[in-house]
Amino acid sequence: MKRAIFPGSFDPITLGHYDIIKRGCKLFDEVIVAIGINSDKNYMFSLEERKKFIENAFKDEPIVKVTTYKGLTVDFCKEVDADFILRGLRNPADFEFEKAIAHTNRKLSYIETVFLLTAAKTSFISSSIVRDVIRNNGDYTVLVPDSVKF
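As the structure is a computational prediction, the values presented were derived from the model and not from experiment. (Residues numbered from 1 in each chain as written. Predicted model: local features only at pLDDT ≥ 70, side-chain atom pairs only at ≥ 80, totals over all residues. Heavy atoms only, no water.)

Undergrad: Even after reading the chapter, I still don't get the nonpolar core, so can you show me in this structure?
TA: As a rule of thumb, nonpolar side chains are buried together in soluble globular proteins. Counting residues in each nonpolar core, the largest one holds 26 residues, and the members touching the most others are I21, I54 and L86. Contributions of two or more residues to this core are made by strand 1 (3–8), helix 1 (15–24), strand 2 (30–36), helix 2 (47–57), strand 3 (64–69) and helix 5 (127–135). Of all the elements, strand 2 adds the most residues to this core, at three residues. Membership of the second largest hydrophobic core comes to ten residues, among which are Y69, F76, C77 and A82. (Core = buried A, V, L, I, M, F, W, Y, C linked by side-chain atoms within 4.5 Å. Buried < 20%, exposed > 50% of the residue type's maximum accessible area, 1.4 Å probe, protein only. Helix = DSSP H or I, 4+ residues; strand = E, 2+ residues; numbered from the N terminus.)

Structure follows, in structure tokens:
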């Protein structure tokens, strides 16, 4: 079974994340959306809210699982028997950042990272932009899946 982890904080999930997960479903037998727990971060949405947003977005996609984890992503991959990490790339800066992480992960383990380019229509969207739109009472609904309602 080809199992991939799609790790992130998903605060909140965006249409860019959604697109990468949907496209990952065509490549893998199972995609585990893994919400990393980082006690040093201040999140806008609780862990439970973030998990529910993702579960609801993929309620009709049986190969998508949603879970949480702490620690190194490569350790979590070993724990759930995943051989791949799935990542989306929006721009060259993302590539440079993600490349360093992928090389480190490969050095620590035999986990391969698979990069997908985001769709042009979602390449400008980031969770931090969405949070800024929300804080300023803008229409965030055009940037996130329908499941992100509050």
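Still more to cover.
Undergrad: Can you help me understand unusual backbone geometry in this one?
TA: Here the residue pair D11 and P12 is connected by a cis peptide bond, since its omega of -5° sits within 30 degrees of zero. Counting through the fold element by element, P12 comes out in the loop between strand 1 and helix 1. With phi around 50°, F10 is a residue other than glycine that occupies positive phi space. Among the structural elements, F10 can be located in the loop between strand 1 and helix 1. Taking relative accessible area as the criterion, F10 reaches 1% and is therefore assigned buried. Its identity as a non-glycine residue notwithstanding, N137 has a phi of 60°, on the positive side. Along the chain, N137 falls in the segment after helix 5.

Undergrad: Looking at this structure, how should I read the UniProt feature "domain: Cytidyltransferase-like" (unreviewed entry) in the protein chain?
TA: In this structure's numbering, the residues bearing the UniProt feature "domain: Cytidyltransferase-like" (unreviewed entry) are residues 5–132. What you have in residues 5–132 is 40% helix and 23% strand, and the ends, taken at the C-alpha atoms, are 27 Å apart. (UniProt positions renumbered as here; feature names shortened; annotations may be inferred.)

Undergrad: Sorry if this is basic, but what is going on with the pairing of strand 5 (residues 112–117) here?
TA: Moving residue by residue along a regular strand, the side chains alternate between the two faces of the sheet. When strand 4 (residues 84–89) meets strand 5, the two strands line up parallel, connected through six bridges. Bridge assignment links F84 to a residue of strand 5, and that residue is E112. (Pairing = 2+ DSSP bridges.)

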